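Per-entry structural report
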Amino acid sequence: MSGDILYNLYERRLAARLDPARAPHHVGVILDGNRRWARAMGFGAAQGHKRGADKIAEFLTWAEQAGVRVVTLWLLSTDNLSRDPAELSPLLDIINRAVEDLAATGHWRLRLVGAVELLPEPVAQRLRAAVAREAHDEDGAAGSPDGGDGALAGSTAMEVNIAVGYGGRQEIADAVRALLRERAADGASLEEVAASLREEDITDHLYTKGQPDPDLVIRTSGEQRLSGFLLWQSVHSEYYFCEVNWPAFRRIDFLRALRDYSRRERRLGR
Ligand SMILES: CC(C)=CCC/C(C)=C/COP(=O)(O)OP(=O)(O)O
Ligand SMILES: C=C(C)CCOP(=O)(O)OP(=O)(O)O
Ligand SMILES: [Mg+2]
């Protein structure tokens, strides 16, 4: 039997054995290892990022098929903004194009989660425009990523958070700033804000406001760290670290993550 046939059989068996009722509602992904993948292939960093970007729509389709309702994709950290401009500039363009392509399918509900204002203005503008166009398409006709008659981006479409210029500490600082400004505009004194501050007030001002916390966070490339991803929201998240570099991530890697997740016992401190 050829490798492809065996792979397909294994993939189908893994998928069939997963209980959709145990699927994570929100999956966060740290798409790591683009440059290591590129180096191993004898390519430059930009080709690694490009191949990584090409994997995104495919991944979202797998997640949707598995019953996931929210996906957060970490495409650029605040720390990544200090990378060499020779790498950063093509990477920002690749991210812009990737988000425009996702928006053009009209298939997902996109949300920018990150300090977009820290990005070069033209990049930020393109990102905002792509996501705004997608939101507009919600009541119009748009096809599925494969060009078929898939679900339209409406209230039932999977939500996809695009984390660009995202840093966990930055997000919490932004949330506190927004909260303080809001309360100040209502005429509250600093002492009144301090006395009444609850955890939920911070949660309600995060980039992810209104969304459930991630149940499962996947990081590719073998690194076992968070690097600040969804710092506030990941208190009870399950982590899955996968050795494969992001551009080489396959559906069976994702299905294995889901299988692993379905076997975990989440106690939430109880
Ligand atoms: C369009 C996409 C997919 C964007 C993700 C950008 C990014 C910083 C990926 C991580 O790989 P890396 O650059 O950190 O590579 P490595 O970990 O191998 O150094
Ligand atoms: C995947 C993204 C977008 C950010 C985290 O990966 P990095 O590669 O930048 O993080 P470190 O390994 O340096 O912590
Ligand atoms: Mg990396």
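An unreviewed UniProt entry annotates the chain as Isoprenyl transferase of Actinomyces capricornis. Recorded under Function (unreviewed entry), the UniProt text for the chain is reproduced unchanged: "Catalyzes the condensation of isopentenyl diphosphate (IPP) with allylic pyrophosphates generating different type of terpenoids." What the UniProt record of the chain gives under Subunit (unreviewed entry) is the line "Homodimer."

1. Looking at the side chain of His-205
By the secondary structure assignment, His-205 is in the loop between helix H9 (199-203) and strand S5 (216-219). Of the residues examined, His-205 reaches a relative accessible area of 15% and is grouped as buried. Apart from the residues within four sequence positions on either side, His-205 is in contact with Ala-175, Ala-178, Leu-179 and Glu-182.

2. Let's talk about the UniProt feature "active site" (unreviewed entry) in the chain
In the UniProt entry, the feature "active site" (unreviewed entry) is given for Asp-32 and Asn-80. Annotated residues spanning 49 residues; largest pairwise C-alpha distance 11.9 Å, indicating a single compact cluster. Of note, Asp-32 is situated in the loop between strand S1 (26-30) and helix H2 (34-41). In contact with Asp-32, other than residues within four places in its own chain, are Arg-219, Thr-220, Ser-221, Glu-223, Asn-245 and Trp-246. You can call Asn-80 buried: its relative accessible area is 17%. There is a polar contact of 2.8 Å between the side chain of Asn-80 and the backbone nitrogen of Ser-77.

3. Points about H2
Within H2, the full set of buried residues consists of Asn-34, Trp-37 and Ala-38. For H2, the arc enclosing every buried residue in end-on projection is 95 degrees, short of the 170-degree limit, so these residues lie on one face. Of the residues in H2, the exposed ones pointing more than 90 degrees away from the buried face are Arg-39 and Ala-40. Elements in contact with the buried residues of H2: helix H3 (45-54).

4. Some details on the pairing of strand S2 (residues 70-77)
Of all 8 residues in S2, 8 are buried, a share of seventy percent or more. Relative to S2, S1 is paired through 5 bridges, and the arrangement is parallel. Along S2, the bridge assignment pairs Gly-28 with Thr-72. Where S2 and strand S4 (residues 159-166) come together, 7 bridges link them in parallel fashion.

5. Regarding the nonpolar core
Counting 49 residues, the largest nonpolar core has Phe-59, Leu-60, Leu-73, Leu-75, Leu-119, Ile-162 and Phe-254 as its most contacted members. A per-element tally of this core places helix H5 (residues 85-105) first, with 7 residues. With residues up to four places along the chain from it excluded, the contact list for Phe-59 reads Val-29, Val-71, Leu-73, Trp-246, Phe-249 and Phe-254. Grouped together as the second largest cluster of nonpolar side chains are 10 residues, Ile-30, Ala-163, Tyr-166 and Val-217 included.

6. Concerning the site of ligand 1
Contacts to ligand 1 come from 14 residues, most closely from Asp-32, Arg-35, Arg-36, His-49 and Arg-83. Residue Asn-34 places a main-chain N or O atom 3.2 Å away from an oxygen atom belonging to ligand 1. Out of a free accessible area of 510 Å², ligand 1 has 93% covered by protein chains. Every element with two or more residues in the shell around ligand 1 is listed here: H2, H3 and H5. Considered class by class, the residues forming the shell around ligand 1 number 5 nonpolar, 5 polar and 4 charged.

Definitions and limits used
Residues numbered from 1 in each chain as written. Chains lettered and ligands numbered in written order. Predicted model: local features only at pLDDT ≥ 70, side-chain atom pairs only at ≥ 80, totals over all residues. Heavy atoms only, no water. UniProt positions renumbered as here; feature names shortened; annotations may be inferred. Helix = DSSP H or I, 4+ residues; strand = E, 2+ residues; numbered from the N terminus. Buried < 20%, exposed > 50% of the residue type's maximum accessible area, 1.4 Å probe, protein only. Contact = heavy atoms within 4.5 Å. Polar contact = N/O pair within 3.5 Å; in protein donor to acceptor, adjacent residues only side chain to side chain. Arc of directions from axis to C-beta. Pairing = 2+ DSSP bridges. Core = buried A, V, L, I, M, F, W, Y, C linked by side-chain atoms within 4.5 Å. Near = heavy atom within 4 Å. Areas by Shrake-Rupley, 256 points an atom, 1.4 Å probe, with all protein chains shown as cover. Nonpolar A, V, L, I, M, F, W, Y, C, P; charged D, E, K, R; others polar.

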